[in-house]
Amino acid sequence: MTVTTSSPASAATSTPARRQRQKLGDLKVAMIFLAPATLGFVVFYIWPTLRGAYLSFTEYSLLQPPEFNGLQNYERMVQDSFFWNALVVTVEYVVINIGLQTVLAVFIAMLMYRLTKSITVRAVILLPYLIANVVVALVWYWMLDFQVGIVNQALTWVGIDPIAFFGESHWAIPTVAGINIWRHMGYTALLVFAGLQMIPSYVYEAAEVDGSSEWQTFWRITLPLLRPVLVMVLVVTMIGSFQVFDTIAVTTQGGPINATRVIYFYIYERAFTRFDFGYASAMAMVLFAILAVVSLLQLRLLRAKESDLA
Amino acid sequence: MRKALTPSRAVAWACLIVLMLLTLFPFYWMLRTAFSDNTQLAGHPSSLLPVETTLGAFKRVLGLATVEEAQAQGGSGASVNFWLYLRNSLVVSTVTTVCQVFFSAMAAYAFARLRWPGRDKVFALFLAALMVPPIFTTLPNFVLIKNLGLLNSFAGIILPGALMTPFAIFFLRQFFLGINRELEEAAMIDGAGHRKIFFGIIIPMSAAPIATLAILTYINSWNDYFWPLLVGQQENVRVLTVALGVFRSQTPQGGPDWAGLMAATLVAALPMIILFLAFAKRITNSIGFSGIK
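Cut-offs applied
- Residues numbered from 1 in each chain as written.
- Chains lettered and ligands numbered in written order.
- Predicted model: local features only at pLDDT ≥ 70, side-chain atom pairs only at ≥ 80, totals over all residues.
- Heavy atoms only, no water.
- Helix = DSSP H or I, 4+ residues; strand = E, 2+ residues; numbered from the N terminus.
- Buried < 20%, exposed > 50% of the residue type's maximum accessible area, 1.4 Å probe, protein only.
- Contact = heavy atoms within 4.5 Å.
- Areas by Shrake-Rupley, 256 points an atom, 1.4 Å probe, with all protein chains shown as cover.
- UniProt positions renumbered as here; feature names shortened; annotations may be inferred.
- Buried area = accessible area lost by both parts, 1.4 Å probe.
- Salt bridge = Lys/Arg side-chain N within 4 Å of Asp/Glu carboxyl O.
- Polar contact = N/O pair within 3.5 Å; in protein donor to acceptor, adjacent residues only side chain to side chain.
- Nonpolar A, V, L, I, M, F, W, Y, C, P; charged D, E, K, R; others polar.
- Expected span 1.5 Å × (residues − 1).
- Bend = angle between axes of the 7 residues up to and from the residue.
- Core = buried A, V, L, I, M, F, W, Y, C linked by side-chain atoms within 4.5 Å.
- Domains from an automatic or database assignment.
- Axes fitted to C-alpha atoms, helices over the stretch in contact; angles between N-to-C directions.
- Parallel < 35°, antiparallel > 145°, perpendicular 65-115°, else oblique.
- 1 Å grid on protein atoms, 1.4 Å probe; cavity = no way out; pocket = protein on both sides within 12 Å on 5 of 7 lines; lining within 4 Å.
- Points joined across faces, edges and corners; volume = space filled by probe spheres on them.

Trainee: How should the overall build of chain B be read in this particular structure?
Mentor: Helix and strand counts for chain B come out as 15 helices and zero strands. A buried classification covers 54% of the 293 residues belonging to chain B. Within chain B, residue pairs in contact and separated by at least 24 positions form 69% of the contacts whose partners lie at least 6 positions apart. Summed over all atoms, the accessible surface of chain B reaches about 12,400 Å², with 67% contributed by carbon and sulfur.

This is the structure in structure tokens:
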């Protein structure tokens, strides 16, 4: 990550008069330049964040004004088995998705790093990421069709019974996860690839001089030095995968029997098909809290990076 | 690094090629199915070439076939109006991109090139908004758009993203910070104001990153599903992604119109594929940099 927080070097601080003038600096001009963005920021980010927090303590059906009801939504949530199911299913999705995707991405990145710098190869790997979730979901829905999908055709061909990828509860989440891994692994691989390129070559030269094997070099040098990038990648993908929605909305709609009713989809259903807006906001609040904890953990882990490459 | 094709390098190449094929195969399958005759499709599920090659599916999707023809080919017979959805997607993505990039560039200029008290704090606040998960702001934003009477209008779909995103500001600020101050100061001595510096120096010098950001924004906006699903249900403003969802739910349950669906997905994905082919290098190179996303 290349976050630069330092301000640009102060320009000449020649005369006191000039310094005086610069105290307020370009405030007036800045206000003009910032006006549209600030309007958007306040109206569509800050205000809804505050309002979302407030709505989570209300009963609100969209038809009548929200009515404050204290912690009722949260109490209800604790007893709502669908909510807990949604959390469990989401975590299952996140674990499969992140686990496989990270391993695959590192693998692809290593392959590219050692074999080719070709833009074409990288572009091919990235391509699925640029296609809408909805399109990706539909293509895979077709390819994974129980009867005529090409994947099951291929399975039958090698002697495996066809699998009802979307129809069986224990297959549904891994299937959705697999689809999204296909879409995202190239993107993640490119992030890792960028990280690999930042590792100075003298480290590898030293390892080679010491007679370190390829495998040793990977585990003892590449992976540890890649840690900051990996942590960043893990958190970005984790925050993303907690919010899986499009694929499920297009394929399983939460089924079969709640097997893919992830938290995001459940919030959507509560809010927009049952108009239970207060309750939906409360659940969004919990999701927010979970993601905040994940982000904080990331910051902790990122801090630790300074010891790696001193 | 060694270049000779050792056995291990051959294996590695084989792995990479398999992965690339795995990446490309669904695109091919989409193409193959879209050119197939839907009624014949089920009979030859593993044919690698289109089954009874025909443009029928595209005709159905683009509304060039009559209802009877469509139904005979296994379509739903419901009117699909992809030209309209295509136009809607174009309007939404274009306006969103132009506005978002322009206003974010203005804000980035204020954060990168202007000096004013509290600047870094305000910027940190903008960045903090990256942390808020979209669903959390989406619910109240929906209420707001509804109360403003903007449901099922382009304004309703476009507004929340039109004025800024924290990411766009962050992205451009990075580049603006790197621009040499001397040029700017020379221009000031010549009597140029900030407006002139912004339009005459900063923007032209950042043409490349601005173009990259615009392309990424365009793709994201084109692919967006959740927000247009909530706010733009009605046909007159329905975008392609939402239309695809509707099309999918309308297709006959027993024997879905797969050829039609794949033709539709192809039509929806094609503009992005073309955009990608045209700017592959730029997009690919920007991924490592942009990290945060």
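So, next bit.
Trainee: Just checking my understanding: could you explain the UniProt feature "transmembrane region" (unreviewed entry) in chain B for this structure?
Mentor: Residues and elements named next belong to chain B. UniProt marks residues 12-31, 90-111, 123-145, 157-176, 197-219 and 258-280 with the feature "transmembrane region" (unreviewed entry), using the numbering shown here. Secondary structure across residues 123-145 divides into 78% helix and 0% strand, with the first and last C-alpha atoms of the span separated by 27 Å. Helix makes up 96% of residues 197-219 and strand 0%. Its end C-alpha atoms lie 30 Å apart.

Trainee: I would appreciate a short explanation of the UniProt feature "transmembrane region" (unreviewed entry) in chain A in the present structure.
Mentor: UniProt marks residues 27-47, 82-111, 123-143, 185-204, 225-245 and 277-297 of chain A with the feature "transmembrane region" (unreviewed entry), using the numbering shown here. Taken end to end, residues 185-204 of chain A comprises 85% helix and 0% strand; its first and last C-alpha atoms sit 26 Å apart.

Trainee: Just to check I follow, could you spell out the UniProt feature "domain: ABC transmembrane type-1" (unreviewed entry) in chain A for this structure?
Mentor: Following the UniProt record, the feature "domain: ABC transmembrane type-1" (unreviewed entry) maps to residues 87-298 of chain A here. Taken end to end, residues 87-298 of chain A is 75% helix and 0% strand, and its first and last C-alpha atoms sit 21 Å apart.

Trainee: Please explain the interface of chain B and chain A as it appears in this structure.
Mentor: Interface size, as often reported, equals the accessible area lost upon joining of the parts. In this assembly, 100 residues from chain B lie in contact with 102 residues from chain A. Both sides of the chain B and chain A interface together cover about 9,200 Å² of buried area, and 77% of this is carbon and sulfur. Across the contact surface, chain B and chain A share zero salt bridges. On inspection of chain B and its partner chain A, the count reaches ten residue pairs in polar contact (both at pLDDT 80 or more). Along the lines of polarity and charge, the residues of the side of chain B that touches chain A split into 70 nonpolar, 16 polar and 14 charged.

Trainee: How should I be thinking about helix α10 (residues 214-241) of chain A in this particular structure?
Mentor: Every α-helix winds through 3.6 residues per turn, so residues three or four apart in the chain are directed the same way. If you check α10 of chain A, its first and last C-alpha atoms are just 33 Å apart, much less than what 28 residues at 1.5 Å a residue would give, namely 40 Å. At R227 of chain A, α10 of chain A shows its maximal kink, close to 55°; a proline, P228 of chain A, follows between one and four residues later.

Trainee: What should I look at first to understand the nonpolar core in this one?
Mentor: Core analysis: the largest hydrophobic core is formed by 200 residues, its most contacted members being F277 of chain A together with F82 of chain B. Looking at which element gives the most residues to this core, the answer is helix α15 (residues 258-290) of chain B, with 17 residues. Per-domain counts for this core show at least three residues from each of domain 1 (7-79 + 250-282) and domain 2 (82-239) of chain B. Those residues within four positions of F82 of chain B in sequence are excluded, and the remaining contacts are V61, L62, L240, L244, F247, A264 and V267 of chain B.

Trainee: I'm lost on the UniProt feature "domain: ABC transmembrane type-1" (unreviewed entry) in chain B in this one. Help?
Mentor: Summarizing the sequence annotation, UniProt attributes the feature "domain: ABC transmembrane type-1" (unreviewed entry) to residues 86-279 of chain B in the numbering used throughout. With 77% helix and 0% strand, residues 86-279 of chain B has its two end C-alpha atoms placed 21 Å apart.

Trainee: Can you help me understand the packing of helix α12 (residues 263-272) of chain A against helix α7 (residues 134-147) of chain B in this one?
Mentor: Here α12 of chain A crosses α7 of chain B at 10°, and the two axes come no closer than 11 Å. Considered as vectors, α12 of chain A and α7 of chain B are oriented roughly parallel to each other. Along its contact with α12 of chain A, which presents Y264, I267, A271 and F272 of chain A, the element α7 of chain B presents P134, I135, L139 and F142 of chain B. Among the residues forming the contact of α12 of chain A with α7 of chain B, the class breakdown is eight nonpolar, no polar and no charged.

Trainee: I keep staring at the environment of L62 of chain A and nothing clicks. Help me out?
Mentor: With respect to the helices and strands, the residue L62 of chain A is situated in the loop between β1 (58-59) and β2 (67-68). The class for L62 of chain A is buried, based on a relative accessible area of 9%. Distance from L62 of chain A to F277 of chain A, taken between C-alpha atoms, is 6.9 Å for residues 215 residues apart in sequence. In contact with L62 of chain A, not counting residues within four places along its chain, are F275 and F277 of chain A together with F142, V143 and K146 of chain B.

Trainee: What's the story with unusual backbone geometry in this structure? I'm lost.
Mentor: For residues besides glycine, phi is generally negative; the peptide bonds are generally trans as well. All names here are of chain A. Note the cis peptide between G255 and P256, where omega equals -15°. Among the secondary structure elements, P256 is positioned in the loop between α11 (246-250) and α12. Not every positive phi belongs to a glycine, and I257 is a case in point at roughly 40°. Structurally, I257 is set in the loop between α11 and α12.

Trainee: Explanation requested: the environment of V244 of chain A in the structure shown.
Mentor: Residues and elements named next belong to chain A. Along the chain, the position of V244 falls in the loop between α10 and α11. On the accessibility criterion, V244 (7% relative accessible area) is buried. Separated by 68 residues in the primary sequence, V244 and V176 place their C-alpha atoms 9.3 Å from one another. The contact partners of V244, leaving out residues within four places of it in the chain, are Y93, V176, N180, V262 and Y264.

Trainee: Help me out: how do you make sense of empty space enclosed by the protein in this one?
Mentor: Gaps left between atoms show up when a probe the size of a water molecule is rolled over them. Enumeration over the complete set of coordinates arrives at one cavity of 30 Å³ or more. Taken as a whole, the largest cavity spans an internal volume of roughly 40 Å³. Lining the largest cavity are I131, V135, V136, V139 and W182 of chain A together with P26, F27 and M30 of chain B. Elements supplying a minimum of two residues to the lining of the largest cavity: α6 (133-143) of chain A together with α1 (7-34) of chain B.

Trainee: I'm lost on the domain arrangement of chain B in this one. Help?
Mentor: Residue and element names in this part refer to chain B. What the domain assignment lists for chain B is domain 1 (7-79 + 250-282) and domain 2 (82-239). If you average the C-alpha positions of domain 1 and of domain 2, the two centres end up 34 Å apart. With ten residues of domain 1 in contact, the opposing surface of domain 2 contributes eleven residues. Looking only at domain 1, the three residues that lose the most surface to domain 2 are L62, M272 and R282, adding up to 50% of its buried area. Inspection of the domain 1/domain 2 interface yields zero salt bridges. On inspection of domain 1 and its partner domain 2, the count reaches two residue pairs in polar contact (both at pLDDT 80 or more). Top element by residues in the side of domain 1 that touches domain 2 is α15. It accounts for eight residues. Looking at the side of domain 1 that touches domain 2 residue by residue, the classes come out as nine nonpolar, no polar and one charged.

Trainee: Please explain the pattern of salt bridges as it appears in this structure.
Mentor: Proximity of charged atoms lets side chains of opposite charge pair with each other. With the rule as written, the count across this model stands at eight salt bridges over all chains. A salt bridge links E269 of chain A to R261 of chain A, with the nearest nitrogen and oxygen atoms 2.7 Å apart. A relative accessible area of 13% places E269 of chain A in the buried class. With a shortest N-O distance of 2.5 Å, D257 of chain B and R60 of chain B are connected by a salt bridge. Within this pair, whereas D257 of chain B is found in the loop between α14 (240-250) and α15, its partner R60 of chain B is found in helix α3 (residues 56-61), the two being separated by 197 residues in sequence. What makes D257 of chain B buried here is its relative accessible area of 2%. Exposure remark for R60 of chain B: the relative accessible area of 7% places this residue in the buried category. Ionic contacts of the salt-bridge type, sharing partners, join the residues R76, R270 and D276 of chain A into one network.

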